[in-house]
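Each chain, letter by letter, is given below.
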Amino acid sequence: MRAHPRIAVIGAGIGGLTLAAALDRAGIPCQVFEQARQLTEVGAGVQLAPNAIRPLRQLGVVETLQRSAVRIEAMETRSWAGAPIARTPFGPACEKLFAAPYYAIHRADLQAALLARVGPRPLRLGHALTRMEPAEDGVRLGFRDGTTYHADLVVGADGIHSVVRQALTDDAPVFSGLGVFRGLVPVRDLPQAAREPLIRMWLGPGRHFVCYPVRGGELISFAAIAPLCDAPVESWSADGSPGDLVEAFDGWRGLVRDVTRAARTVRRWALYDREELTTWSAGRITVLGDAAHPMLPFLAQGANQAVEDAVELASRLDGTTRADIPAVLGDYGATRGDRTTAIQQGARGHSESMHLPDGPRQQERDLALRASSGIAGLRGRAWLYAYAAGATPAAGT
Ligand SMILES: Cc1cc2nc3c(=O)[nH]c(=O)nc-3n(C[C@H](O)[C@H](O)[C@H](O)COP(=O)(O)OP(=O)(O)OC[C@H]3O[C@@H](n4cnc5c(N)ncnc54)[C@H](O)[C@@H]3O)c2cc1C
């Protein structure tokens, strides 16, 4: 029997666990090294689009995640004063066009669904990678607790501050000038309208507000994006102040007012991305997800792109020998680079248009948003939602 390469995945976030599940499906073992001693519930909601749902379905994860995910019926956009701008249907139209629904889910529920699929065996908690050295025909990994591991392949799924990425570039995260307040509000503390399965977005000068239900509709997850001038913090658990949130969206109408006033615990962190990678691999080392392409959240594709990377890499590793690994990684990076760069840049572009001051340019933008809403708006997202990573069936097949 052929020996499998020793694969070390660094990080048990969304991308790392998806890779472990996809490798397992291909019959390839791996070890997942995670710095946290426990995977506790941190963060708020993430959006899962058909381009991630189709591969997650193939991995057998959707059955579990749909117990807590909310199937989204439409995306509504309004002005900060509450005037309707556009409505794009998701619901059955999404399933018809892209062969999968659109979900909103608590990040912790998605991570738990992936963990349930992967099982505890490959997981090495409390292992923070601190160094990597080339070793004979492989890479020697060193962890903060002094332990080491010899791998034939290292995949950095270690997020925006990736240690593994340092083997590919010496770049640094780029601050966007924006921060995000995030949190969760029990739906029972909000007006009845909050229960509708919608992604709701309000646009205003220099800032915008998004909210949607998660955890079977019990909680409303919000992300409130506004300029951040003070010392930028990039941590999913940094505290924010409910008073600052209310002040930042003072005068905004409808659910924005209700949600900001009902929020008791608020996190606030700075928004960063990075420049695109010119190379995704060095010998037997590669990256995926935020370690490869952290992106601003304006296209809501962060978790989705991590899933795409993971299934693409796993499908390329299927049947690979140790000797093939560097070439396989080169092909993987070439395939994923163009796609993720387009999305990273698209997200950056949106940050300006979504935050225009009231006036002629904002009116033009609203007209354009209106013209591209409805079913035409959903069709216009085919470049995002119809993409079939790895061995995922294409939309509609
Ligand atoms: C705790 C947390 C909460 C988040 N909450 C939200 C949210 O509410 N909404 C949202 O849109 N996005 C959230 N994100 C980000 C979101 O998960 C990612 O943008 C996206 O899913 C891409 O996933 P990823 O697997 O590339 O990275 P991540 O999901 O960020 O996972 C990276 C993993 O690598 C681990 N890690 C980092 N460095 C090391 C190291 N040196 N050694 C070992 N392990 C390491 C981290 O602990 C983490 O588990 C959160 C990320 C984290 C880590």
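Quick caveat, the model's predicted, so the values are computed rather than measured.

Take the packing of helix α2 (residues 50–58) against helix α8 (residues 302–317) next. Helix packing for two helices is described by the angle between their axes and how far apart those axes are. Interhelical geometry of α2 versus α8 gives an angle of 45° and a closest axis separation of 8 Å. Relative to α8, α2 is oriented oblique. With respect to the hand of their crossing, α2 and α8 are arranged in left-handed fashion. Residues Asn51, Ala52, Pro55 and Leu56 of α2 touch α8, and the partners they reach there are Ala303, Asn304, Val307, Glu308 and Val311. Counted by class, the contact of α2 with α8 contains 6 nonpolar, 2 polar and 1 charged residues.

Now for the sheet that holds strand β11 (residues 148–151). Ordered by their spatial adjacency, 3 strands build an open sheet running β9-β10-β11, and the pairing between neighbours is antiparallel. Two strands bound the open sheet, and with one partner strand each, they are β9 (129–135) and β11. When strand polarity is set aside, the average angle formed by the axes of neighbouring strands in this sheet is 20°. Pairing analysis gives 4 bridges linking strand β10 (residues 138–143) to β11, with the strands arranged antiparallel. Bridge pairing in β11 links Gly142 to Thr148.

Here the focus is the site of the ligand. Close to the ligand lie 31 residues; Gly11, Gly13, Gly15, Gly43 and Gly289 are nearest. Listed by contribution, the elements that provide at least two residues to the shell around the ligand are α1 (14–25) and α8. The class makeup of the residues in the shell around the ligand is 17 nonpolar, 9 polar and 5 charged.

Another point: the sheet that holds strand β4 (residues 70–71). An order of β3-β7-β4 is seen for the 3 strands of this open sheet, with the pairing classed as antiparallel. If you trace the sheet from one side to the other, it starts and ends with β3 (45–48) and β4, each paired once. Pairing analysis gives 4 bridges linking β3 to strand β7 (residues 103–106), with the strands arranged antiparallel. Within β7, the residue paired with Leu48 across the bridge is Tyr103.

Each value, and the rule that gives it
- Residues numbered from 1 in each chain as written.
- Predicted model: local features only at pLDDT ≥ 70, side-chain atom pairs only at ≥ 80, totals over all residues.
- Axes fitted to C-alpha atoms, helices over the stretch in contact; angles between N-to-C directions.
- Helix = DSSP H or I, 4+ residues; strand = E, 2+ residues; numbered from the N terminus.
- Parallel < 35°, antiparallel > 145°, perpendicular 65-115°, else oblique.
- Left-handed = near helix turned anticlockwise from the far one by under 90°.
- Contact = placed C-beta atoms within 7 Å.
- Nonpolar A, V, L, I, M, F, W, Y, C, P; charged D, E, K, R; others polar.
- Pairing = 2+ DSSP bridges.
- Near = placed C-beta within 6 Å.

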